[in-house]
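Observations on chain architecture
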Amino acid sequence: MKRLAGLLLATVFAAGLVSMAEAKTLVYCSEGSPENFNPQINTTGTSFDAARPVYNQLVEFDRGTTNVIAGLAEKWDVSADGLEVTFHLRHGVKFHSSKSFTPTREFNADDVLFSFNRMWKDDNPYHKVSGGAYDYFSDMGMPDLLKSIDKVDDYTVKFALKEANAPFLANLAMDFATILSAEYADKMLKAGTPEKVDQEPIGTGPFTFVAYQKDAVIRFKANPDYWGGKPAIDDLVYAITKDPTARWAKLQKNECQVMMGPNPADLAAMKANPDVNLLSQPGLNIAYLSFDNLKPPFDKKEVRQALTMAIDKSAIIKDVYQGAGQGAKNFIPPTIWSYNDQVQDWPYDPDKAKEMLKAAGITSLDSDLWYMPVTRPYNPNAKRIAEMMQADLAKVGVNTKLVTYEWGEYRKRLQQGEHQMGQLGWTGDNGDPDNFFFLLGCDAARIGGQNITKWCNKDFDDLLKKARTTADVAERTKLYMKMQEIVHEEAPAFLIAHSVVYEPIRKNVTGYKVSPLGRHEFFGVDMQ
Amino acid sequence: MIRFIARRILVVIPTLFAIALLLFVAIRMVPGDPIEVRTGERGIAPERHAMLLHQYGMDQPLWRQFLRYLGQLVQGDFGVSIVTSEPVIKEFLTLFPATVELALSAILFAILLGVPAGVIAAVKRGGIVDHTLMGLALTGFSMPIFWWGLLLILFVSVQLGWTPVSGRIDLVYYFEPVTGFMLIDSLLSGQEGAFASAVSHLILPAIVLGTIPLAIFARMTRSSMLEVLGEDYVRTARAKGLSPWRVTGLHALRNALIPVVTVIGLQIGNFLAGAVLTEYVFSWPGVGSWLIESIARRDYPVLQGGILIIASIVILVNIGVDLLYGVLNPKIRHAR
C-alpha cells in the first residue's frame, strides 16, 4: 500500500514537472493600455507593442536594429529610376483562427491590397471604421508618394511611386504598414461587426491573440504554424502596470520577467540585483534647443556658435538625465547608420563665448527661452533644463525669459516661428537618417513647417534631396556625413542629448534585445 | 415613502442636466483637442486637423454639439470613445465593478475597524487607549495614498512577500468575467486557488483606500458617541439597570451612528477620488484611471459619460442614505 502511494506520488510529481517544463509563460510588464489592436490607426508605442505579436509587415526591422529584412515579402525589386517597387510575397503563410473566424485560404496579394487601400482610399468600406484616422500613413507622406498599388498576381504586388524615395522601404517596416486579413475583414463586414477587425486581431504573426481584459491583461498564445518557426515561449502575457515602482516590484518578485520604463532612481538597485540583467541602449532620439535662424542676432552663425559654447551640456546630462542620457554632438543618434563620429563637439567655454558675442557686436542680449510643459522620451524635464540654460546664458550677458504653453499650442507656435530660442526634440520612426534630417531642410522651414530652426542652407538642402532619392547606401552615407559637418559648423540649434533607454529583465530570459526603435518584441526570446 | 422617493428623483433630473452642461463646457475649456493631443512632435497639417475634427463632428458650434449630445443621452446613448471607438457605456460597465469591489472592500475595512475603534475610544475617554487610537487616526488621515500604497508594496509585497504587488488576480487564472466582481467570478470559475488569489490581491488596495476614511469614521464615531453618552436617555437606561453592553451597543450606538452614516455617504465621493490614485498604484483596472487618462487624451465622450454616470450613482447613494436615516431613527421617518 505504502509502495503504491509512493509510486502514485512520484508519478504526480513527475507529471507536474513535465507540465511545468512544457508551458513557458513570459509576463511583460507594460506601462499602459492599447487604444485597440490595429497598428494602422494607432499612434502610441504602447498600442503598437500590444498588437505586434499578432502581425507581420511586408518587410520588417531585424530585432534590436534598424536594418530592414524580409517579412511577408521574401524579396523585392526596385526599378532603375526608383519609381517602382515590386514585392514577391512569401508562400504558405497562414492567418490565425479564432472563435469567430477560420481562414479558408493562405496569405496572398489580396491581403496586401486591402491593408493599404483601407488606409489610402476614401471609398474603401473599411476606411472610416474605428475613427478612420490613419495618422502614420499620412504623416510618413504615403498619400503624396504613392501613385498606385497593383496586384500583378497572387504573390506579386507592385507599388508605383510619384518620385524616387530611398526611405520608402524602411517606412513599410513600420507598424502602420501592418498586413491584415482581407478575408476576416470581409466576413466581419458581412456580419455587421467591422470593428472586430480592430479589437479581436487576426494576423500572420508569431503569437495569436487570446483575450484582452481591459486595462489589466493581454494574453497571447504561440502560433505553432508561424512561417518563421514556432516561438520558444508558449504563453505571452502583458500585465498592464502603470506605476514604474510597481513594475520594478513585480520584476523583483518574478511576477513579470521583462519590464520597460524604469524609474531613474531605481537603476542603481537594478544594476546591483543578482537576478536582473539591466539592458540599455541610446534611444533613437534627439533633444535640442532651437534658435530661430530668421531673427537677428540668431541669423549670424558666430552668435549661434557662441551661445552653443555658453551652455554646460555635461551638467544637464548629470543633473536632469541622471545618467540616462548621452550628450549629443550630431542631429542623429549614434545608433543610426552614417553617424559621423569624427565631428568634434563644441566645448563648454563661456569665456570664448563672451569674446565671440562681443566680436559680433553684442554686449547684452534679451531673448525668450521656451520649454515643453510635458515630459518627452528625449527630455525628462524641459523646465529644469531651461533654468540651467538660463543661468549659463546669464553669465555671458544673455538675459532670457522662460516661456511655455500647453503642449499642442507650444508645438504649433514653435512651428510658426514665434520663438527666439525653443526646446524640442524628435524620436525616429524608421531608422533612416532622412527621418531626422528632413527637420533641418528648406521645405520644412516654411512658416508652419516642422523645421523650427527655420534654417535653410542650400548646400545642406541639396545634399538632403540627393540622399533621399539615391538607393545606394554607401553613397547616402557619404552625403549624410557631409551634412553633419555642415550642421556642426552652422549650429542652427544647440544639441542637448540622446536619452538612453533602460530595460531590466530577469536573468533567466534569453534572446531579448533592446530595440533602438523603442519596440518590445518577444519572438526569438526564450526562458531558461 | 413612495412620494418621498419620487420627489427626490424629480429633483435629480435638473441636477443631472446642470452637471452635463457644466462638464460639456469645462472639458472643452482645456486647451487642445483629441486629434492634436496625439500628434507628438510632428504636429498636424491644418487641413488634416480640420478634416478629422469634421469627422468627429467637433467643428460644429458648441450649442449644436451639446443639443446633439443631449438628444443621444435621452436615448441612453452615451457616445463612443474617441480613443478606442468602443461605446462609453460598455467600457464603463466593464471597469466599474472593479472600482465598486475595491471601494466596498475599503468601506468595509474602514467601518469594521473605524467604528469599533471610535466606540472604544469614546467609552475609554481620556485614557491611554483613547489617545493611542486617536493618534493612530490622525496618522492615518495624514498619509497620502500614493506614498502609503507604494510603501506597503515595497514592504509587504517585496520585502516580506506576504501579498502580490498589483492586479486583481494571479495571471495563471484565466476565466471569462461573469459579474465583473473578481471575488464572485473566481468562486464561479471553480478553479482551485482562484478565490484565495483574488482575496490576496484585494488586501493592500483595500487597506490603502480605506485608511483615510477609517480615520475619519473613528473620530466621527468617537465624538458622536461622546455626545450621545452624555444624553439623558442613556443615563436613564443605566439607571434602569441595563447592562453597559446593551446601553452602549444598542441604545447609544444606534443614535450615534446617524451622523456617521451621513459621513459615510459623503465619503463616497472621496472614495472615488481616492480610487483613482489607488487604481494607479495597484494597476487596478477600474473607472478611476480610465477617467484620468481620458483627460490627457481629451476623450470627451468618456469624460462626459463616465462622470455623468458616476454623478447619478452618487446622487442615488445619497437618496439611499437619507432613507437609511428613517430606519435608524423612527422620529425622522415619521417627520416626513
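A brief look at the structure comes next. Predicted, not measured: the structure shown is a model, and the values here were computed from it.

1. A look at the overall build of chain A
For chain A, the count of helices and strands is 18 helices and 20 strands. For chain A, whose C-alpha radius of gyration is 26 Å, the value lies close to the compact-globule estimate of 24 Å for 528 residues. The dimensions of chain A, computed from C-alpha atoms along their principal axes, are 100 × 65 × 40 Å. In chain A, buried positions account for 50% of the 528 residues. For chain A, contacts bridging at least 24 residues in sequence account for 71% of all contacts bridging at least 6.

2. Observations concerning the interface of chain A and chain B
When the parts of a complex come together, some accessible area is lost, and that lost area is often taken as the interface size. Listed by partner, the interface residues are 40 residues for chain A and 35 residues for chain B. Elements that contribute at least two residues to the side of chain A that touches chain B include exactly helix H4 (135-139), strand S9 (217-222), strand S10 (235-240), helix H9 (244-252), helix H15 (407-416) and strand S17 (421-427) of chain A. When residues of the side of chain A that touches chain B are assigned to their parent elements, the largest contribution, six residues, is made by H15(A). Per-class residue counts for the side of chain A that touches chain B are twelve nonpolar, 13 polar and 15 charged.

3. A look at the sheet that holds strand S6 (residues 146-153) of chain A
Residues and elements named next belong to chain A. Taking strand neighbours across the sheet as the criterion, the four strands line up as S4-S5-S7-S6 in an open arrangement whose pairing is antiparallel. Taken across any chain shown, the strands that pair with only one partner, and hence form the sheet edges, are strand S4 (73-78) and S6. When the angles between neighbouring strand axes are averaged without regard to direction, this sheet yields 20°. Of the strand pairs in this sheet, strand S5 (residues 84-89) and strand S7 (residues 156-161) are connected by five bridges, and their pairing is antiparallel. Looking across to S7, one finds that Thr-86 is bridged to Lys-158. In the packing of helix H3 (residues 109-120) onto the sheet, the strands contacted are S5, S6 and S7, and the crossing angle to S6 comes to about 160°.

4. Considerations on helix H18 (residues 473-490) of chain A
Residue and element names in this part refer to chain A. Taking 1.5 Å per residue as the helical rise, H18 with its 18 residues ought to reach 26 Å, and the 26 Å between its terminal C-alpha atoms agrees with that figure. Looking only at H18, the buried set comprises Arg-476, Leu-479, Tyr-480, Met-483, Gln-484, Val-487 and His-488. Against the buried residues of H18 lie helix H16 (434-437) and helix H17 (458-469). At the C-terminal side of H18, Ala-491 shows a positive phi close to 45°.

5. What about the environment of Pro39(A)?
Residue and element names in this part refer to chain A. By the secondary structure assignment, Pro-39 is in the loop between strand S1 (25-30) and helix H2 (45-51). You can call Pro-39 buried: it has 28 C-beta atoms within 10 Å. Separated by 140 residues in the primary sequence, Pro-39 and Ile-179 have C-alpha atoms spaced 9.6 Å apart. Not counting residues up to four positions away in its chain, the partners in contact with Pro-39 are Phe-48, Ala-51, Tyr-55, Asp-175, Phe-176 and Thr-178.

6. Topic: the environment of Thr427(A)
All names here are of chain A. Mapped onto the elements of the fold, Thr-427 is located in strand S17. As for Thr-427 and Gly-518, which are separated by 91 residues in sequence, their C-alpha atoms are 9.4 Å apart. Other than its neighbours up to four places away in sequence, Thr-427 contacts Leu-284, Asn-285, Pro-377 and Tyr-378.

7. Structural notes on unusual backbone geometry
A cis amide bond links Pro296(A) with the next residue in sequence, Pro297(A), at an omega value of -5°. Residue placement: Pro297(A) occurs in the loop between strand S13 (285-291) and helix H11 (301-310). Backbone geometry at Ser85(B) places phi at a positive 65°, although glycine is not the residue there. Within the fold, Ser85(B) resides in the loop between helix H3 (62-74) and helix H4 (88-123).

8. Observations concerning the pairing of strand S15 (residues 365-370) of chain A
Here S15(A) pairs with strand S16 (residues 398-403) of chain A via six bridges, running parallel. Considered in S16(A), the bridge of Asp366(A) is made with Asn399(A).

9. Observations concerning the nonpolar core
Counting residues in each nonpolar core, the largest one holds 149 residues, and the members touching the most others are Leu58(A) and Ala106(B). Top contributing element to this core by residue count: helix H8 (residues 194-229) of chain B, with 18 residues. Contacts of Ala106(B), omitting those with residues within four sequence positions, involve Ala206(B), Leu209(B), Gly210(B), Pro213(B) and Phe271(B). Residues Ala310(A), Val320(A), Leu357(A) and Trp455(A) belong to the second largest nonpolar core, which totals 62 residues.

10. Points about the packing of helix H6 (residues 145-159) of chain B against helix H10 (residues 244-281) of chain B
Residues and elements named next belong to chain B. One way to put it is that H6 packs onto H10 with a least axis distance of 9 Å and a crossing angle of 30°. By the angle between their directions, the pair H6 and H10 is classed as roughly parallel. H6 and H10 meet at a crossing whose hand is right-handed. Contact residues: H6 offers Ile-145, Phe-146, Gly-149 and Leu-150, while H10 offers Gly-274, Leu-277, Thr-278 and Val-281. Looking at the contact of H6 with H10 residue by residue, the class counts come to five nonpolar, three polar and no charged.

Reading guide: rules and limits
Residues numbered from 1 in each chain as written. Chains lettered and ligands numbered in written order. Predicted model: local features only at pLDDT ≥ 70, side-chain atom pairs only at ≥ 80, totals over all residues. Helix = DSSP H or I, 4+ residues; strand = E, 2+ residues; numbered from the N terminus. Rg over C-alpha atoms; globule rule 2.2 N^0.38 Å. Buried ≥ 20, exposed ≤ 12 C-beta atoms within 10 Å, placed from the backbone. Contact = placed C-beta atoms within 7 Å. Nonpolar A, V, L, I, M, F, W, Y, C, P; charged D, E, K, R; others polar. Pairing = 2+ DSSP bridges. Axes fitted to C-alpha atoms, helices over the stretch in contact; angles between N-to-C directions. Expected span 1.5 Å × (residues − 1). Core = buried A, V, L, I, M, F, W, Y, C linked by C-beta atoms within 7 Å. Parallel < 35°, antiparallel > 145°, perpendicular 65-115°, else oblique. Left-handed = near helix turned anticlockwise from the far one by under 90°.

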